[in-house]
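Report on the structure
Residues per chain, in single letters:
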Amino acid sequence: MSSEKLESLPFDDGFYMPSENHPHEAIWMAWPERCDNWRLGAKPAQAVFVELAKAISATTPVYMICSASQYQNAKAQLGDAATVIEMSTNDAWLRDTGPSCLLNKDASERRHLDWIFNAWGGLECGLYFPWDKDDQVAAKIAEIYGEERYRVPMILEGGAIHVDGDGTLYTTEECVFNLGRNSTMSKSEAEAIFRQYLGIEKVIWLPRGLYNDETNGHIDELMHVVSPGKVLLTWCDDPEDPQYEISREALSVLEKTTDAKGRTIEVIKMPMPGPLYITKEEASGIDLAADSSTSHMDREENTRLAASYTNFLITNGQLIYPKFNAPTDDEAQHILAQCFPEHRLTGVATREVLLGGGNIHCITQQIPKRAR
């Protein structure tokens, strides 16, 4: 089968994006090594990536992208937890650089969506330059599978969208229409692209994402779909915290709308950990960027971290969620257990991933399983 870019539209071809609850063939990740983002030569982050790969591999095969220089190191650390594949990247955020996969209605065929990636905002407000290797990742993964792909005419990332698999897409205006992405695009134009390329029927627009999220409002830091008509929303009870108003704006939208099938949306509030900040010791372990004029990553002491329990991964009956050594960890685990009673819950301490700018959902990308 050809893996060339298709000129047709997924909707016309009968394809749609399934929810994360659909069975997975594999989870893809990328090995961290960028020293101006990951502290102490990325060694602490690598240890957490290994722990996550081991947890995921209990239910789903893991493929770890890795540079040539780190190939032997990654293989030695990962062991049987992942298949290591040599591929060039600029950083390790596979949710955003990897493909968003589509299935046809009977799941007999799979295709890949290849978003235009510009490091979350390009030269205007992106986090690093260059980003050319990251923008090639989705096409290379499609090539490995020998499957066809669509290049989406929109600058966006996988972490900017959540779908329920039943016609509804959730995203934020802050992210989609960000100055460095699609600032001249109208809402109707964006919705048309989402319909054509993701096979959805309705877009639910939340105004803003998590406070101080350097991706400019990715939906996966603010909320997560539990099932059609049911979502988890990051919640803050401190009126002095900027997240207080952001969460209430989102709740107001969710309470006043229905999903694509006319369901009232049930919102479950998930406590926000922290706020958490980069320590002096952590900041001192991060190298200066080679070119500070093209780097907008803020890794200074006392920088607020975008910590959220909703940045978890669902895969094949397992839910892998972040732990922050915070008083809210137990409450978050209890809420997740109630929302996903049939899932195996695995908590992993992920502060090292958080220091790099994201969490578990951000560094993983699922490949949905085809019907055999």
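Refer to the structure above for everything that follows.
Residues numbered from 1 in each chain as written. Predicted model: local features only at pLDDT ≥ 70, side-chain atom pairs only at ≥ 80, totals over all residues. Heavy atoms only, no water.

**Side note on the sheet that holds strand 10 (residues 168-172)**
If you trace the three strands from one edge of the open sheet to the other, you get 9-10-11, paired in mixed fashion. One side of each edge strand has no neighbouring strand; the edge strands of this open sheet are strand 9 (162-163) and strand 11 (202-206). The sheet contacts of helix 9 (residues 187-198) involve strand 10 and strand 11, and relative to strand 11 the element is tilted by about 130 degrees. In the packing of helix 11 (residues 242-256) onto the sheet, contacts are made with strand 10 and strand 11, and the angle to strand 11 comes to roughly 150 degrees. (Pairing = 2+ DSSP bridges. Helix = DSSP H or I, 4+ residues; strand = E, 2+ residues; numbered from the N terminus. Contact = heavy atoms within 4.5 Å. Axes fitted to C-alpha atoms, helices over the stretch in contact; angles between N-to-C directions.)

**Brief notes about the environment of Asn316**
Within the element layout of this structure, Asn316 appears in the loop between strand 15 (313-315) and strand 16 (318-323). Each C-alpha atom, one on Asn316 and one on Pro23, is 5.4 Å from the other, the two residues being 293 residues apart in sequence. Once residues lying within four places of it in the same chain are set aside, the contact partners of Asn316 are Pro23, His24, Thr59 and Thr60. At 2.7 Å, the side chain of Asn316 and the backbone nitrogen of His24 are in polar contact. A polar side-chain atom of Asn316 sits 3.4 Å from the main-chain carbonyl oxygen of Thr59. (Polar contact = N/O pair within 3.5 Å; in protein donor to acceptor, adjacent residues only side chain to side chain.)

**Section: unusual backbone geometry**
With an omega of 0 degrees, the peptide bond running from Phe129 to Pro130 counts as cis. By the secondary structure assignment, Pro130 is in the loop between helix 5 (122-125) and helix 6 (132-135). Pro275 follows Gly274 through a cis peptide bond whose omega is 15 degrees. For Pro275, the location among the structural elements is in the loop between strand 14 (266-271) and helix 12 (280-284). A positive phi is found at Asn212, a non-glycine position, where the angle reads about 65 degrees.

**Overview of the pairing of strand 7 (residues 110-116)**
Regular strands place their side chains on alternate faces of the sheet. Here strand 7 lies mainly inside the structure; six of its seven residues are buried. Bridge count between strand 6 (residues 100-104) and strand 7: four bridges; the pairing is antiparallel. Residue pairing in the sheet places Leu102 in a bridge with Arg111 of strand 7. Connecting strand 6 to the antiparallel partner strand 7 that follows it, the hairpin turn spans five residues, and Ala107 within it adopts a positive phi of roughly 60 degrees. Bridge count between strand 7 and strand 8 (residues 149-155): four bridges; the pairing is parallel. Bridging across to strand 8, Leu113 finds its partner in Tyr150. (Buried < 20%, exposed > 50% of the residue type's maximum accessible area, 1.4 Å probe, protein only.)

**Focus on helix 9**
Compared with an ideal rise of 1.5 Å per residue, which puts 12 residues at 16 Å, helix 9 spans 16 Å between its outermost C-alpha atoms and is within 8% of the ideal. Of all the positions in helix 9, only Ala190, Glu191, Ile193, Phe194, Tyr197 and Leu198 are classed as buried. All buried residues of helix 9 project into a common sector of 160 degrees when viewed along the axis, lining one side. One or two steps after helix 9, the chain reaches Gly199, where phi turns positive at roughly 70 degrees. (Expected span 1.5 Å × (residues − 1). Arc of directions from axis to C-beta.)

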